[in-house]
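Take a look at the letters that make up each chain.
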Amino acid sequence: MNFGSLKLYIGGALLEATHGGKKTILCPADEKPIAEVAWANEADALKALEAAQDGFKYWSTLSLSERKEWMSKLRSAILEKEALLRQAIIHEMGKTYEGSYEDIEAITNALEFYPKAMADIKDEAIPDPENTHKHLMVHQAAGVAVAYLAWNFPLLNVGFKIGPALASGCSLIIKPSEMSPVSSYLLGEILHEIDFPAGVVNILTGPPEKVATTLTKSNIPSVVTMIGSTKTGKQVIADSSSSIKKLSMELGGNAPFIVFDDADIDAALDLAIGIKFGNCGQICVAANRFFVHENIYDDFLKAYVDRVKKLKLGFGKDSDGDMGPLVNRQGQERMIDIVSDATAKGAKIETGGKIPNGYEKGYWFEPTVLSNVSTEMLAYQQETFGPIAPIFKFKTDHEVLTLANDTEYGLASYLFTENTERQERFAKELQFGEVHINGVKYAIYLPHGGIKNSGIGHDCSVLALDDYLIKKRVTSTI
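Residues numbered from 1 in each chain as written. Predicted model: local features only at pLDDT ≥ 70, side-chain atom pairs only at ≥ 80, totals over all residues. Heavy atoms only, no water.

**Comments concerning helix H3 (residues 82-93)**
Part 1 of the reasoning: For H3, built from 12 residues, the straight-helix expectation of 16 Å at 1.5 Å per residue is met to within 8% by its first-to-last C-alpha distance of 16 Å.
Part 2 of the reasoning: Turning to H3, its buried residues number three or more, namely Leu-85, Arg-86, Gln-87, Ala-88, Ile-89, Ile-90, His-91, Glu-92 and Met-93.
Part 3 of the reasoning: For H3, the elements touching its buried residues are strand S4 (22-26), strand S5 (33-38), helix H2 (64-80), helix H4 (97-119), helix H5 (154-168) and helix H6 (182-193).
Part 4 of the reasoning: One or two steps after H3, the chain reaches Gly-94, where phi turns positive at roughly 75 degrees. (Helix = DSSP H or I, 4+ residues; strand = E, 2+ residues; numbered from the N terminus. Expected span 1.5 Å × (residues − 1). Buried < 20%, exposed > 50% of the residue type's maximum accessible area, 1.4 Å probe, protein only. Contact = heavy atoms within 4.5 Å.)

Right, dumping it as structure tokens:
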């Protein structure tokens, strides 16, 4: 499938890049070209900044009900183009058809949820003990926001930013990943078709050192937000210091998945499949290190390997595949390196571990389970971001807490145990922004954020609005 030549969306117009540059986007499943996108540079970034500044002046003056009306119009237009957008997500990411729905659900839910959430944010009266003045804490839109997005969930990530930004009254510059910009560019076409107010949303991508650096170092943005790697987050923070900006970042993860011998093993196995191999393991909250109590280790490992062997590869609407490819060649090579490092240090490949036969085109890698793993291996130390599940054995609560927390990251964690005292202890002592016990749930109304090197601020929930609002104290005499 080919989506043709796609343009930047800046200032309410669909534009070619200033220097005429284009980039061909390949499908990671078969390496076939699926689109040519306008490839922005510094001049385009500056143009987007000026457009967003003008857009903010208009958008911030609208009432919440007026903003809600525009957001509802955009939501309806996205649903009308759902089939096209899902095809774009499938082909730019190599997703399964089922997997593509999560992006549509997320962005439409965000456009619906955040106007309602914003309506619940009220100005706050501050008591005056001397009764000489009255004080009010009011909320206002922060200004222009710049959003850098990861490639793994192209429209879900847009939704997590566009919802709170627009509801709060901010204008927005969206820079999708260079690896999966097609659905975001199509969103630009939708915005253009419905005559969305000019400059309120702008969409462009290009080389980070030209586009992102120009955007981040500018004094125009009041907010810089991103979803991506910790390394990139640190660079964005450094670049943002040209002026004082609000920062919100969802960064890397190294999630522990802990299973005790009193757990519901079937429930743990079910989640251990989905949270590891969904989206080919390319999820920030994917289980990265599996810790299984020694009393059930052998049984759990055998059952898990049996389930993993049944996973089917495939992508697209007409496939019954459970898992697609990695996003690019670098990701595939990283899987090879992780497995090679593990086996060189004594790990055993229980299943998978290589590029599957018949899948030489594209960036495929077999769903893989490693046993006899240790803390010296890359599979323990790094965020895998791919379909490799290392299984560790542990004896005591203290041991597994120490292992689980032994990482610079602190995004998601998973715990399976029926012991309520242990649940309470681990909920307190696991050093992660999220602790999921005996199951998992993600939704637009639930906070999503990390600690340590996994980020600052939150996506989803009413907390996300904090990143796009400023608080102003108004004091007057009585």
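On we go from here.
**Remarks on the sheet that holds S4**
Part 1 of the reasoning: The 3 strands are arranged S1-S5-S4 in an open sheet whose pairing can be described as mixed. Edge positions in the sheet fall to strand S1 (5-6) and S4, since each has one partner strand and no second.
Part 2 of the reasoning: Sheet topology places S1 next to S5; 2 bridges connect them, and they run parallel. Residue pairing across strands places Ser-5 opposite Glu-36, the latter belonging to S5. (Pairing = 2+ DSSP bridges.)

**Considerations on the packing of aromatic side chains**
Part 1 of the reasoning: By the definition in use, this model includes 15 aromatic pairs.
Part 2 of the reasoning: Aromatic side chains Phe-260 and Phe-426 sit 5.5 Å apart centroid to centroid with 90 degrees between the ring planes, which places their arrangement in the edge-to-face category. Placement of the pair is Phe-260 in the loop between strand S13 (255-259) and helix H9 (265-277) and Phe-426 in helix H14 (residues 420-429), with a sequence separation of 166 residues.
Part 3 of the reasoning: Exposure remark for Phe-426: the relative accessible area of 0% places this residue in the buried category.
Part 4 of the reasoning: Aromatic side chains Tyr-380 and Phe-392 sit 5.6 Å apart centroid to centroid with 65 degrees between the ring planes, which places their arrangement in the edge-to-face category. One end of the pair, Tyr-380, is in helix H12 (residues 378-381); the other, Phe-392, is in strand S17 (residues 388-394), with 12 residues separating them in the sequence.
Part 5 of the reasoning: Here the aromatic residues Phe-257, Phe-277, Phe-290, Phe-300, Tyr-304, Tyr-414 and Phe-416 are joined through ring pairs into a cluster of three or more.
Part 6 of the reasoning: Positioned over the ring face of Phe-260 is Arg-422, at 3.8 Å from the centre of the ring. (Phe/Tyr/Trp six-rings, centres within 6.5 Å; stacked < 30°, edge-to-face > 60°. Lys NZ or Arg CZ within 6 Å of the ring centre and 35° of its normal.)

**Focus: the pattern of salt bridges**
Part 1 of the reasoning: Tallied over the full model, the rule gives 18 salt bridges.
Part 2 of the reasoning: Linking Arg-329 and Glu-31 is a salt bridge whose minimum nitrogen-to-oxygen distance equals 3.2 Å. One end of the pair, Arg-329, is in helix H11 (residues 329-344); the other, Glu-31, is in the loop between S4 and S5, and 298 residues separate them in sequence.
Part 3 of the reasoning: In this structure, Glu-366 engages Lys-354 in a salt bridge whose closest nitrogen and oxygen atoms are separated by 3.1 Å. Here Glu-366 is found in the loop between strand S15 (348-351) and strand S16 (368-371), whereas its partner Lys-354 is found in the loop between S15 and S16, with 12 residues between them in sequence. (Salt bridge = Lys/Arg side-chain N within 4 Å of Asp/Glu carboxyl O.)

**Side note on the pairing of S4**
Part 1 of the reasoning: Pairing analysis gives 5 bridges linking S4 to S5, with the strands arranged antiparallel. Along S5, the bridge assignment pairs Lys-22 with Ala-38.
Part 2 of the reasoning: Where S4 hands over to S5, the hairpin turn is made up of 6 residues, of which Glu-31 adopts a positive phi near 65 degrees.

**With respect to the environment of Val-146**
Part 1 of the reasoning: Looking at where Val-146 falls in the secondary structure, it is placed in strand S8 (residues 144-148).
Part 2 of the reasoning: Considered as a pair, Val-146 and Leu-269 are 123 residues apart in the sequence and their alpha carbons are 39 Å apart.
Part 3 of the reasoning: Discounting residues that sit within four places of it in the chain, Val-146 has contacts with Ile-173, Leu-215, Pro-221, Val-223, Val-224 and Thr-225.

**Regarding the side chain of Asn-254**
Part 1 of the reasoning: With respect to the element layout, Asn-254 can be found in the loop between strand S12 (246-250) and S13.
Part 2 of the reasoning: One polar contact links Asn-254 to Asn-288, side chain to side chain, over a distance of 2.6 Å.
Part 3 of the reasoning: Here Asn-254 is in contact with Asn-288, Arg-289, Tyr-380, Gln-381, Gln-382, Thr-407, Tyr-409 and Phe-432, once residues within four sequence places are set aside. (Polar contact = N/O pair within 3.5 Å; in protein donor to acceptor, adjacent residues only side chain to side chain.)

**Looking at the pairing of strand S18 (residues 412-416)**
Part 1 of the reasoning: Judged by how many residues are buried, S18 sits mostly within the fold: 5 of 5 residues are covered.
Part 2 of the reasoning: Along S18, one buried face is formed by Ala-412, Tyr-414 and Phe-416 and the opposite face, lined by Ser-413 and Leu-415, is buried too.
Part 3 of the reasoning: Pairing of S13 with S18 involves 3 bridges; the strand directions are parallel. Residue Phe-257 lies in a different strand from S18, and its bridge partner there is Tyr-414.
Part 4 of the reasoning: Where S18 and strand S19 (residues 434-437) come together, 4 bridges link them in parallel fashion. Its bridge partner lying in S19, Ala-412 is registered against Glu-434.
Part 5 of the reasoning: You can see the chain leave S18, run along H14 and come back into S19, and the turn it takes is right-handed. (Right-handed = clockwise from strand over helix to strand, strands pointing away.)

Function-wise, these values are silent; they only describe arrangement.
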